[in-house]
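Notes for the structure review
The lines below spell out each chain.
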Amino acid sequence: MTKRFVSELVAGSAIDEVFLLAQRAMAHKKDGNPFLNVTLSDRTGQVKGVVWDQVERIAAAVAEGDFVHVRAQVGEYRSSLQLVVKDMARVPADQVDAGDFLATTTRDVAKMFDRLKEMTARMQTPHLKALFEAFWSDDAFVAAYVRAPAAKLMHHAYIGGLLEHTLSMAILSEAIAAHYSGVDRDMLLAGVILHDVGKTRELEYTRRIDYTDEGRLLSHIIIGLSMLDEKLKQVPAFPDVQAQLLKHMIVSHHGERAFGSPEPPKTIEAVLLNYIDEMDSRVNSIREYVAKDLSDGSWTPYHRLLERHFYKGPADSEAE
């Protein structure tokens, strides 16, 4: 049977389909009876749902992270699609195609990684070049690095997203380092490649993209520092000051304490890393938002986080 994706759901239709149970939470009505709020997902997106009947039986039979067979009616609630779930049952993982449930980069992963390795191979700073040789020779790390998403939701939130985001930033960093005098090209490139390295362990991305226990407890910044420390031990006589500057880039790449950085950027390379990261992530998130908007007209719906509408270009009728 052909898979019916979240992006294809329309109000008023009935569905009999397999999704991933991304979230579930028990709540109670005013009369004290329980109901279940759920979030179901596949590689095209997420949809909220509610279970009114047989709540305790269904809640006992399924858990977050399960693939679930869902029978439901598609309706609308507060201008968004919502499923009224009639029944839900766990489906063994070996009976589903995992590719239906995790979005993946459309770019060639092997080519992206080869280009990134070529850039580090051109480094003129021996200890930084040796550092990346240590990273790239770690097969387990590389396997995670080329597969990891860059985020759970906001930008590059798909398999291979971290590599795609990092390579885009690396290309930008080389252009910017060539434009401004006095910028340490190798240090900027190193910071770009390592700034989000902790996301290989902050996020889990086997069935769904979500935070690991380690990720929630420590964050990708702390994890990244630990991973860097492990590899620095493999590079003989790595200069202490250069190690501190590189760690500072990881620590400060969010730009402000309010955004999760323990310290703000305090070197030119750290400042540039922050802006390059912000630019690439913002462009990707806006493009994704515009691409997913199937409404008519020249403007997207209001983006609550960015607090604006985005112009899509003239409507078809205006362009004729």
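Residues numbered from 1 in each chain as written. Predicted model: local features only at pLDDT ≥ 70, side-chain atom pairs only at ≥ 80, totals over all residues. Heavy atoms only, no water.

In terms of nonpolar packing, the biggest core is built from 55 residues, with L131, W136, Y145 and L188 touching the most fellow members. Sorting the residues of this core by element identifies α2 (109-121), α3 (126-136), α4 (139-145), α5 (161-179), α6 (185-194), α8 (213-232), α9 (240-252) and α10 (268-292) as the ones contributing at least two each. Those residues in contact with Y145 that sit more than four places away from it in its chain are L116, W136, L162, L163, T166, I193, V197 and T200. L21, V38, V70 and A72 belong to the second-largest nonpolar core, a separate cluster that totals 21 residues. (Core = buried A, V, L, I, M, F, W, Y, C linked by side-chain atoms within 4.5 Å. Buried < 20%, exposed > 50% of the residue type's maximum accessible area, 1.4 Å probe, protein only. Helix = DSSP H or I, 4+ residues; strand = E, 2+ residues; numbered from the N terminus. Contact = heavy atoms within 4.5 Å.)

Right, let's get into the environment of M249. As for its placement among the helices and strands, M249 is situated in helix α9. Expressed as a C-alpha distance, the spacing of M249 and L188, which sit 61 residues apart in the sequence, is 8.6 Å.

Moving on: the packing of aromatic side chains. Applying the stated criterion to the full structure yields 11 aromatic pairs. With 4.8 Å between their ring centres and 55° between their planes, F67 and F101 make a pair best called tilted. Residue F67 is located in strand β4 (residues 67-77), and its partner F101 is located in the loop between β5 (80-91) and α2; the two are separated by 34 residues in the primary sequence. The pair F67 / F101 is uniform in exposure class, with both members buried. Seen from their ring centres, F135 and F141 are 5.1 Å apart, and the 55° between their planes marks the pair as tilted. The two residues F135 and F141 agree in class, both being buried. Within the aromatic cluster, the residues linked to one another by ring pairs are F113, F132, F135, W136, F141 and Y145. (Phe/Tyr/Trp six-rings, centres within 6.5 Å; stacked < 30°, edge-to-face > 60°.)

Quick look at the side chain of K231 now. Along the chain, the position of K231 falls in helix α8. Exposure remark for K231: the relative accessible area of 7% places this residue in the buried category. Within polar-contact distance, the side chain of K231 engages the side chain of D138 at 2.9 Å. Not counting the four nearest positions on each side in its chain, K231 is found in contact with L131, A134, F135 and D138. (Polar contact = N/O pair within 3.5 Å; in protein donor to acceptor, adjacent residues only side chain to side chain.)

Right, let's talk about the pattern of salt bridges for a bit. Opposite charge on two side chains permits them to pair, given that their charged atoms come into close proximity. Summed over the entire model, instances satisfying the criterion amount to 21 salt bridges. Between E64 and R208 there is a salt bridge, with its nearest N and O atoms 3.9 Å apart. With a gap of 144 residues between them, E64 in the loop between α1 (55-61) and β4 and R208 in the loop between β6 (203-204) and β7 (210-211) connect regions that are remote in the sequence. In this structure R208 comes out as buried when scored by relative accessible area, which is 16%. Between D114 and K117 there is a salt bridge whose closest N-O contact spans 3.9 Å. Remark: K117 and D114 occur in helix α2; sequence separation between them is three residues, near one turn of the helix. (Salt bridge = Lys/Arg side-chain N within 4 Å of Asp/Glu carboxyl O.)

This brings us to the pairing of strand β1 (residues 14-28). Looking at chain direction, β1 and β4 are connected through seven bridges and run antiparallel. Note that in β4 the partner of D16 across the bridge is R71. What sits between the antiparallel neighbours β1 and strand β2 (residues 34-42) is a turn of five residues, in which G32 has the positive phi angle 95°. (Pairing = 2+ DSSP bridges.)

This part covers the layout of surface pockets. Roughly 760 Å³ of internal volume is contained in the second largest pocket. If you trace the second largest pocket, you find 25 residues lining it, with H155, H254, F259, E278 and S281 closest to the centre. Mapped onto the lining of the second largest pocket, the elements with two or more residues apiece are α7 (199-202) and α10. It is α10 that contributes the most residues to the lining of the second largest pocket, six residues altogether. Counted by class, the lining of the second largest pocket contains nine nonpolar, eight polar and eight charged residues. (1 Å grid on protein atoms, 1.4 Å probe; cavity = no way out; pocket = protein on both sides within 12 Å on 5 of 7 lines; lining within 4 Å. Points joined across faces, edges and corners; volume = space filled by probe spheres on them. Nonpolar A, V, L, I, M, F, W, Y, C, P; charged D, E, K, R; others polar.)

For the rest of this paragraph, the subject is the sheet that holds strand β3 (residues 45-51). If you trace the five strands once around the closed barrel, you get β1-β2-β3-β5-β4, paired in mixed fashion. Averaged over all pairs of adjacent strands, the angle between their axes in this sheet comes to 50°, without regard to strand direction. Where β2 and β3 come together, seven bridges link them in antiparallel fashion. Bridging from a neighbouring strand, D42 pairs with G45 of β3. (Axes fitted to C-alpha atoms, helices over the stretch in contact; angles between N-to-C directions.)

Turning our eyes to something else, we now look at the packing of α2 against α6. The interhelical angle for the contact between α2 and α6, taken along N-to-C directions, is 150°, at an axis separation of 10 Å. With respect to α6, the element α2 is oriented roughly antiparallel. Taken as a pair, α2 and α6 cross one another with a handedness that is left-handed. Along its contact with α2, which presents L116, M119 and T120, the element α6 presents R185, L189 and I193. Partitioning the contact of α2 with α6 into residue classes produces four nonpolar, one polar and one charged. (Parallel < 35°, antiparallel > 145°, perpendicular 65-115°, else oblique. Left-handed = near helix turned anticlockwise from the far one by under 90°.)

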